[in-house]
Structure formats: C-alpha cells, structure tokens
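Observations on the model geometry
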Amino acid sequence: MSKETALALLIGVAAGGSLGLLFRRQPRLQRRRRHRQRPLDPPETQLRAWMEAVPQGWLLLNGDNRIAGLNPRAELLLELEDSSLGLRGEPFALLDPSDELLHLVNLARDKGLPQRCSWPLRTSNLDVRVMPGDVGWVAVVLQGRNPLESQLERQEEWVSDVAHELKTPLTALRLVGDSLALKADGRQAVLVQRLQRELERLQVLVSDLLDLSRLDNTPFTDEAPQAVVDPAALIHRVWSTLEPLASERGVQLQVAPAQPLSGEGPDLAAIDPARFHQALLNLLDNALRYSPDQATIDVQISVRNRWCMVSVRDHGPGLSETDLERMFQRFYRGDPSRARSPRSGSGLGLAIVQQIALSQGGMVRASNHPDGGALLELLVPRAA
C-alpha cells in the first residue's frame, strides 16, 4: 500500500469517526433542545386538579366577599350540604363565619398581610389562614384541629381554671407576708422581703393568665362600645407608672406625635381606654427592659386611613429570627443576655398586647428598626 493510499485511508477513518461521533451526539442535542422547548408552567386544568385534591380546604372570595369557589375538602370541613356549584356567587356571610374571621378577611385585603384565627363550628373548630391576593381577592385556607392542638386547647382551659383558683389564696398569703414584715427584723426581715417579692411575682403571673383567658373569650365585634382616646396623653400617664424604674437607669421617653395628613383628622383612637392603657404599659415595659442605660425610648403616633398607629422603638440589641417568629407566643422569653434590666417578665406581656389588639379590632407587629433596636407597632381603629 502506497503512502498516499494509507494517508487517504487514515483521513477517511478519522473523518468517519468524527462524523460518527457527531451523529451520535446529535440525538442527545436534539433531546436537550426538546427539553428546553417544553413549557415550564403546567396547564390550568392540571393546576385546578391539584388544588382540588390538596388535604386542606380552601375558599376563594372576590372583592365583594362572594364565594368564587371552594374544594371538596372545604365542603367536608364546613359540614356543607350544598355543593360548591350551588354556593358559587353566594355571599361569604351565608356560611356564618365568626365576626373575628370577617374582620380578618377585610384586614388581610386592606393591609395585604396574611392573618390567622379559628372558626368555631357546631362540632369542631377549624384553623383558618386568610391569604390576600391581587385586586381584592382573598383565599381562606381551612384545616381541622388535630388531637395535639385539641389537647393544647384543653391545657389552656386548665391553666385558666387553676389561675382562678389561685387568686384567693395568693391574696391571703400577701396579707400574711405584709403582717410578718411589720414584726420581722434582721435575717428574718430579709427572708420576708424575698417572700413578698415572690408572692408579688406569682400574683402578677396569675393576673396575666386571667387577663389572657378573658381576652380569648372576647371576640371583636363592631357593636362593642368604644371611647375616643388621645394616645399621646395616655402614653404619658402610662409612663408615669414606669418612670421610677426608668430613672434608676437614666432611660427617658420621647413622644413625637406625627402631623395628621391632609383630610385624615386628629390622631385619636376608638378603643376601650383600660385595654389601651394595658397594651401600652406592656409595650413600654418591654422596651424599658431591653433599653441600655442612659438611652431613650422613641414613641411615634400617626394615622393611616382608618387606623391610629403607636410605634415604640427601643435602642437595644434588636430581635433575633426566633424572637420575630415567637415573641407573641405565651411564656416566650427572649435571650436573657440581651435584656438590659435585671427585672424578668412572665413571658405573657406581648401575648396580652396581641390579644388586646385583636379584641379591639386592631393588630400588633414587630420588626427591627433600620437604625437599630426593636420596633413594635400597635394599630387600633381611629376615631371618626
């Protein structure tokens, strides 16, 4: 075989191998192109089928609070006899939702923030999440209570009953402690003072538990009598209670009432004055506990549409992710190393604030201020 023939054969083999490799690659490239060309969004019918089959119940409400749709699970949880087709276009009120749920549906729509509550039925209670959408649409997601949640509910009722039973003997023990303090001296006086402090702390805890129990059983209704309250004046009255504790650490209060926007009217609240006082006391006491010595607590009052908002900011270490998630839960206490005050709370103060806000038709929320420190905002209905 000549050199020319061998070279030609080698070139042919090489070219054939390259072509073979190219041909072997081509189907794979075509498959990749076909994958890229497939749609990434499933068909609407498939989405609808998945939505119908989810284990949670759901209702869709339009801007007029009319039922646009619900799935079979919602029919089962709500114990409905009519089919979803028969309810389509009917008002949501036909399902007899609680006043709290109706309020939270409107609140979610107005504020664009998810809400959560329970929906009491004839034979059970449902957990409800209200999720706002665009142009007034709202999704109401329903879930039945599991046995653990029912057990926790019974536990809360038990704690409430125990708190009621402890109230009378604690009062008697406080009287005995006061009597002993008049006669004790030396080492005995120190022990009696410690006894009085612990009894006082226990009495505050029982009082907080009773408050929560009453608030849990006081749902918001538009017919509840409300008074017109000036938040700025009430804040100064509340601070007079905390000022002796604040003065020991050089902490001061700064109240900056915001100028009402044009046409908004004065920054007055329509709320139960006693409950408003209690909520503000807990908010300022919480801010004082986490404020550094010689710092200020900044309070601002403003009006937004039909809301009067009181913002309380401290200059402490701020809130952790866990704090933001759990700070309104009962008995939750933040990291004690972040507290700037030696006083310890019961872990119920902010839970009481949240329940007061809900019972008065408002809400409370927490965040970290951009310039440092924690920011808690209490929104309550504004006086007309």
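Look above for the structure.
Described in the following lines is the structure provided in the data block.

Criteria and cut-off values
- Every chain is numbered independently, its residues counted from 1 as its sequence is written.
- Whole-chain, interface and lining totals are the exception, using all residues; otherwise, since this is a predicted model, local features are given only for residues with pLDDT of at least 70 and side-chain atom pairs are given and counted only at 80 or more.
- The basis for every side-chain value is the complete set of non-hydrogen atoms in the structure, without hydrogens or water.
- The secondary structure listing takes helices from DSSP runs of H or I that are at least 4 residues long and strands from runs of E that are at least 2 residues long, numbered from the N terminus.
- Each residue gets one of three labels from its accessible area relative to the maximum for its type: buried under 20%, exposed over 50%, partly exposed in between, using a 1.4 Å probe on protein chains only.
- Throughout this description, the term salt bridge denotes a Lys or Arg side-chain nitrogen within 4 Å of a carboxyl oxygen of Asp or Glu.
- Joining through side-chain atoms within 4.5 Å is the link that ties buried Ala, Val, Leu, Ile, Met, Phe, Trp, Tyr and Cys residues into a set, and such a set is a nonpolar core.
- In this description, contact between two residues means that some pair of their heavy atoms is separated by no more than 4.5 Å.
- Between 30 and 60 degrees the pair is tilted, below 30 it is stacked and above 60 it is edge-to-face, where a pair is any two Phe, Tyr or Trp rings, Trp via its six-membered ring, whose centres lie within 6.5 Å.

Unlike most non-glycine residues, Asn 65 shows phi in positive territory, near 60°. Within the secondary structure, Asn 65 sits in the loop between strand E1 (57-61) and strand E2 (67-70). Look at Asn 65 and you get buried, because its relative accessible area is 15%. Here Gln 294, not a glycine, exhibits a phi torsion of approximately 65°, which is positive. The topology assignment puts Gln 294 in the loop between helix H9 (273-289) and strand E9 (296-304).

Turning to the pattern of salt bridges, a few remarks are in order. Scanning the entire structure with this criterion turns up 5 salt bridges. In this structure, Asp 110 engages Arg 306 in a salt bridge whose closest nitrogen and oxygen atoms are separated by 3.2 Å. Of the two residues, Asp 110 sits in helix H5 (residues 99-111) while Arg 306 sits in the loop between E9 and strand E10 (307-313), which places them 196 residues apart along the sequence. Note that Arg 249 is salt-bridged to Asp 293, the shortest N-O span being 2.9 Å.

What follows covers the side chain of Arg 313. Among the structural elements, Arg 313 can be located in strand E10. Judged by its relative accessible area of 11%, Arg 313 falls in the buried class.

With that out of the way, let us pick up the nonpolar core. Ranked by internal contacts, the top residues of the largest apolar core, which has 44 residues, are Phe 276, Leu 284, Ile 297 and Leu 378. Sequence-distant contacts of Phe 276, defined by excluding residues within four places in its chain, comprise Val 229, Pro 231, Leu 234, Ala 269, Ile 271, Val 310, Leu 378 and Val 380. Listed in part, the 27 residues of the second largest apolar core include Ala 74, Leu 104, Trp 119 and Val 140.

Moving on to the packing of aromatic side chains. Enumeration according to the criterion identifies 1 aromatic pair in this entry. A ring pair is formed by Phe 92 and Trp 119, whose centres lie 5.8 Å apart and whose planes are at 75°; its orientation type is edge-to-face. With Phe 92 in the loop between helix H4 (84-87) and H5 and Trp 119 in strand E3 (residues 115-120), this residue pair connects regions lying 27 residues apart in the sequence. Here Phe 92 and Trp 119 have matching classes, each one buried.

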